[in-house]
Number of protein chains: 2
Amino acid sequence: MSSDKVRLALLGCGTVGTEVVRLLHEQSADLTARIGAPLELVGIAVRRPGRQRGSDIDPALFTTDALGLVKRDDVDVVIEVVGGIEPARSWLTEALRAGKSVVTANKALLAEDGATLHDAAAEGGADLYYEAAVAGAIPLLRPLRESLHGDRVTRVTGIVNGTTNFILSSMDATGAGFGEALDEATELGYAEADPTADVEGFDAAAKAAILASLAFHTRVTAADVFREGMTGVTAADMASAKEMGCTIKLLCIAQRGPDSAGTDSVSVRVHPAMIPRSHPLAGVGDAFNAVFVEAEAAGQLMFYGRGAGGTPTASAVLGDIVAAARNRLSGTRAPSESSYAHLPIRPIGESVTRYHISLDVADRQGVLATVAGVFAQHEVSIATVRQSGREDDATLVIVTHGAPDANLAATVEDLRALDIVRSIASVLRVEGGA
Amino acid sequence: MSSDKVRLALLGCGTVGTEVVRLLHEQSADLTARIGAPLELVGIAVRRPGRQRGSDIDPALFTTDALGLVKRDDVDVVIEVVGGIEPARSWLTEALRAGKSVVTANKALLAEDGATLHDAAAEGGADLYYEAAVAGAIPLLRPLRESLHGDRVTRVTGIVNGTTNFILSSMDATGAGFGEALDEATELGYAEADPTADVEGFDAAAKAAILASLAFHTRVTAADVFREGMTGVTAADMASAKEMGCTIKLLCIAQRGPDSAGTDSVSVRVHPAMIPRSHPLAGVGDAFNAVFVEAEAAGQLMFYGRGAGGTPTASAVLGDIVAAARNRLSGTRAPSESSYAHLPIRPIGESVTRYHISLDVADRQGVLATVAGVFAQHEVSIATVRQSGREDDATLVIVTHGAPDANLAATVEDLRALDIVRSIASVLRVEGGA
């Protein structure tokens, strides 16, 4: 490449792409000063070039031939904000193999098949940056990739989906049920028309895989992540959480530790969980994201900010563009993928968690003894029991100590089969406490 | 240098240095995998080699000749955890000019004369890393230096001193006065025998200078920082803050904006301030640090973690060592100092702030009118007034809207001269709200 400028190709020009173009334009002088050379946008690949995208963009930049754009000799850095597996993977693989730096916000692709991209980057000696793929504007991946490389990360607990955090924060604040809170989120533009990827935890699971890969120097894919959505969280659950001094968040949890055989391993899961209000993540409201990192030497760290939105995401993309451009000008590369640890993935059944179980039971003599017996049988220790109601119907709320998830699941299964248990009102994991 | 290992010289072996040595030893295999070559500690400069420093350290490594160690041909990276201006500056300048990478935790030196170090680094083509100098373990400088380089930071608000945050958190929780809370902090090891640097804000001011330099691409020194300690914060102030739904924190605030003549400029200050409990910084308790960053595109970000302590600080030092070592192996350098913006420093008098003023006044007809007249005369708009007490003594608590600090200071001066004002019980700035 010529060293007098750094030439960019943009793939996709939706919400994020438009903002990237705007910021490139508006901050042009600052970016040039920080990089040491100007950036030049040489082409934008879109599906429908005719669509209105803000009057500032030169229409001559648009093309429908993304692969052609990627292959152009005068492109130094390819920015991808299209999303999805294909054709993005083909485009980016092509770019990386040809030695072009890639900046992408594509969490789905990185979580499903990051290996292909990393391998292509290694082959082409190119940079692969993806800060915008997790927690939008929050500078999180660079600290994990670089700042904490002299430390050993033991656990990452994150609120990485803004839509579900908005819904749960609203349920916590107003006592609304899931449906009502979802309607509000949709109305305000926080939830998409089809909210499945968010509320069922698919989006968070992709981010969890990326975070776990970086934190533990191990390739983790979305398929390795245990995933449970948050559509089952009820107003009653939230009320129960409040009584315990907790709130409910959809968490992604990536943890390093020994499995049942004592082998160092990684467990990655996404599910709603109760956390104490005193936990720094409990105060993360609205559509904000936050990631809580625990490391052996650094202790507890938290990163907080906007996880979505065109402008915040574009900020992360721009930061990566500056880094990639600087590297090209100085003929260097960022640290490449670090997956030397190759830790095995621990199944969810072996994850040690705590459960909060709410049971509707017959108010008979000996009910508690019977119920407690089921827990004991599965070697699950009970931390607290609260009984409410009298007469015919009583509710037992049981919180356990930590136990393997499989034992807890088996306990719930056996409770369900008991005559004296009318129904299991809710089962929620409890995190972030002693 | 030989590419089969990276050789380190450590200057200083107190609390942080000892932890650095321990972590280098304990995480040796992981560090080698992450760097691609082993690290070797070739020497440790100390004043008293005989002192006990943990049994794991080979006594042959110790020397009292720091400069001699720095000059050794077989040293690739110099790690400085001694602190203070001299002789640290001479050692590090020598190292950098000779092309050796430097990792330092020396906030005082960076804040007083960072320019000399940066110039020496440029001269020698060497890396200068100092993540541990601000907010200990929190990966903060790398995000500011790199991740946000495609964005425009407008404001940085930080709790960057653990000692004073412990004291203020304790005053908030228990209603204790400053003296009592300081005693507790000293007893628990959170405050040093001479707490001046912490409670008078010198430590925070040094960190503020470093943060402002990075955030605004402008050289800012400790002398540019307006500094007011927190020894004057009373139990009554804290109670008054609580009544307003606020707490009091010692904040460092670095802000970019137009001065009175409309010129883009930077203001940097350290002082105690009331902030609303709803602000993310209000919940930062104990000896934790947190830095709240506002950027045009990214919006609000917060970084939270342990700001001090041997092990957390060593985590940051290790992260920098890994980065410096990788760069040496690949023959590259990190982005160097970015000070292209050369923004002027705005004096405190031109900073727009809000004041919370508590006055003991005679309870006479027309007192409020007289007091309000003084505010109006200085063009300071009053947001709220609360009057308490009756009889002979009354207290007026006034919160202003934003106004230039000079106008506020002049208002307080004139109030002090009024007959009807018996005393000014407290003057506190108010931050973080509308």
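Residues numbered from 1 in each chain as written. Chains lettered and ligands numbered in written order. Predicted model: local features only at pLDDT ≥ 70, side-chain atom pairs only at ≥ 80, totals over all residues. Heavy atoms only, no water.

For chain A, the name recorded in an unreviewed UniProt entry is Homoserine dehydrogenase, with Actinoplanes nipponensis as its organism. Note on chain A: under the UniProt heading Cofactor (unreviewed entry), the record states "a metal cation". In its Function (unreviewed entry) section, the UniProt entry covering chain A states "Catalyzes the conversion of L-aspartate-beta-semialdehyde (L-Asa) to L-homoserine (L-Hse), the third step in the biosynthesis of threonine and methionine from aspartate." (UniProt positions renumbered as here; feature names shortened; annotations may be inferred.)

Participant: Just checking my understanding: could you explain the UniProt feature "binding site: NADPH" (unreviewed entry) in chain A for this structure?
Facilitator: Mapped onto this numbering, the UniProt entry gives "binding site: NADPH" (unreviewed entry) at Lys-107 of chain A. Residue placement: Lys-107 of chain A occurs in helix α5 (residues 107-124). (Helix = DSSP H or I, 4+ residues; strand = E, 2+ residues; numbered from the N terminus.)

Participant: Is there a simple way to explain the sheet that holds strand β6 (residues 128-129) of chain B in this structure?
Facilitator: Within a sheet, each strand pairs with its neighbour through backbone hydrogen bonds, oriented either parallel or antiparallel. Residue and element names in this part refer to chain B. Overall, parallel pairing links the six strands, which are arranged β3-β2-β1-β4-β5-β6 in an open sheet. At either margin of the open sheet sits one strand with a lone partner, and together these are β3 (62-63) and β6. Looking at chain direction, strand β1 (residues 6-11) and strand β2 (residues 39-45) are connected through six bridges and run parallel. Bridge pairing in β2 links Leu-10 to Ile-44. (Pairing = 2+ DSSP bridges.)

Participant: What is the right way to look at helix α14 (residues 405-416) of chain B in this model?
Facilitator: For the α-helix, the turn length of 3.6 residues means that residues three or four positions removed from each other point alike. Residues and elements named next belong to chain B. Here α14 spans 17 Å end to end across 12 residues, near enough to the 16 Å set by a 1.5 Å rise per residue. All of the buried residues along α14 are Asp-405, Leu-408, Thr-411, Val-412 and Leu-415. Down the axis of α14, the buried side of the element spans an arc of 120°, and every buried residue falls inside it. Contacts made by the buried residues of α14 are with β13 (352-362), α13 (367-377), β15 (393-400), β16 (403-404) and β17 (421-430). (Expected span 1.5 Å × (residues − 1). Buried < 20%, exposed > 50% of the residue type's maximum accessible area, 1.4 Å probe, protein only. Arc of directions from axis to C-beta. Contact = heavy atoms within 4.5 Å.)

Participant: How should the pattern of salt bridges be read in this particular structure?
Facilitator: Pairs can form between side chains of opposite charge once their charged atoms are near each other. Summed over all chains, the structure comprises 51 salt bridges over all chains. Measuring nitrogen to oxygen at the nearest pair gives 2.7 Å for the salt bridge that ties Arg-22 of chain A to Glu-19 of chain A. Of this pair, Arg-22 of chain A and Glu-19 of chain A both sit in helix α1 (residues 15-26), three residues apart, roughly one helical turn. Look at Glu-19 of chain A and you get buried, because its relative accessible area is 14%. Several salt bridges converge on common partners, so that one network encompasses Asp-30 of chain A together with Arg-152, Arg-256, Asp-264 and Glu-296 of chain B. (Salt bridge = Lys/Arg side-chain N within 4 Å of Asp/Glu carboxyl O.)

Participant: Where do I start with the domain arrangement of chain A in this structure?
Facilitator: Quoted interface sizes are often the accessible area lost when the parts come together. Residues and elements named next belong to chain A. If you check the domain split of chain A, you get domain 1 (6-138 + 310-330), domain 2 (141-306) and domain 3 (351-430). For domain 1 versus domain 2, the distance between C-alpha centres works out to 28 Å. Our count for the domain 1 to domain 2 interface comes out at three salt bridges. Viewed at the interface, domain 2 and domain 1 are joined by eight residue pairs in polar contact (both at pLDDT 80 or more). Among the elements of the structure, α5, β6 (128-129) and α12 (310-330) are those that each provide at least two residues to the side of domain 1 that touches domain 2. Among the elements that make up the side of domain 1 that touches domain 2, the one with the highest residue count is α5 (seven residues). (Domains from an automatic or database assignment. Polar contact = N/O pair within 3.5 Å; in protein donor to acceptor, adjacent residues only side chain to side chain.)

Participant: Before we go on, may I ask you to explain the UniProt feature "active site" (unreviewed entry) in chain A in this structure?
Facilitator: Residues and elements named next belong to chain A. The sites that carry the UniProt feature "active site" (unreviewed entry) are, in the present numbering, Lys-207. Relative to the helices and strands, Lys-207 resides in helix α10 (residues 202-216). Setting aside residues up to four positions removed in sequence, Lys-207 forms contacts with Lys-107, Ala-133, Val-134, Val-160 and Asn-161. A distance of 2.8 Å separates the side chain of Lys-207 from the backbone oxygen of Val-160, its partner in a polar contact.

Participant: I tried to follow the relation of the copies chain A and chain B on my own but got confused; where do I start?
Facilitator: Each of the two chain copies can be brought onto the other by rotation about an axis and movement along it. Turning chain A through 180° and shifting it by 0.0 Å along the axis lays it on chain B, with an RMSD of 0.0 Å. Overall, the copies show the geometry of a two-fold rotation axis. Closest approach to the rotation axis among the C-alpha atoms of chain A is made by Phe-303 of chain A, whose C-alpha sits 2.4 Å away. Residue by residue, 100% of the interface of chain A is reproduced at the interface of chain B, so both copies engage with the same surface. (Least-squares fit on C-alpha atoms with pLDDT ≥ 70 in both.)

Participant: Which parts of the structure should I look at to understand the nonpolar core?
Facilitator: Proteins that are soluble and globular tend to have nonpolar side chains buried together. Ranked by internal contacts, the top residues of the largest apolar core, which has 167 residues, are Leu-211 of chain A together with Leu-211 of chain B. Leave out the neighbours within four places in its chain, and Leu-211 of chain A touches Val-134, Leu-140, Leu-141, Leu-144, Val-156, Val-160, Cys-252 and Val-291 of chain A. Within the second largest apolar cluster, 36 residues are counted, among which are Val-21, Ile-35, Val-46 and Ala-105 of chain B. (Core = buried A, V, L, I, M, F, W, Y, C linked by side-chain atoms within 4.5 Å.)

Participant: Can you help me understand the pairing of strand β12 (residues 299-306) of chain B in this one?
Facilitator: Consecutive side chains of a regular strand alternate in pointing toward one face of the sheet and then the other. Bridge count for strand β12 (residues 299-306) of chain A against β12 of chain B is five bridges, and the pairing is antiparallel. Residue pairing for β12 of chain B: Tyr-304 of chain A is matched across the bridge by Met-302 of chain B. Remark: three residues form the turn of the hairpin made by strand β11 (residues 288-295) of chain B and β12 of chain B, two consecutive strands paired antiparallel.

Participant: Help me understand the pairing of strand β9 (residues 246-258) of chain B, please; the structure alone is not making it clear to me.
Facilitator: Residue and element names in this part refer to chain B. Within β9, 11 of the 13 residues are buried, which leaves the element mostly enclosed by the surrounding structure. Across four bridges, the pairing between strand β7 (residues 153-159) and β9 is antiparallel. Residue pairing across strands places Thr-157 opposite Ile-253, the latter belonging to β9. Sheet topology note: the β9/strand β10 (residues 264-276) ladder contains 13 bridges and is antiparallel. Among the inter-strand pairings, Leu-250 is bridged to a residue of β10, identified as Pro-272. Here β9 folds back onto β10 in antiparallel fashion, the turn holding five residues, of which Gly-262 has a positive phi close to 90°.

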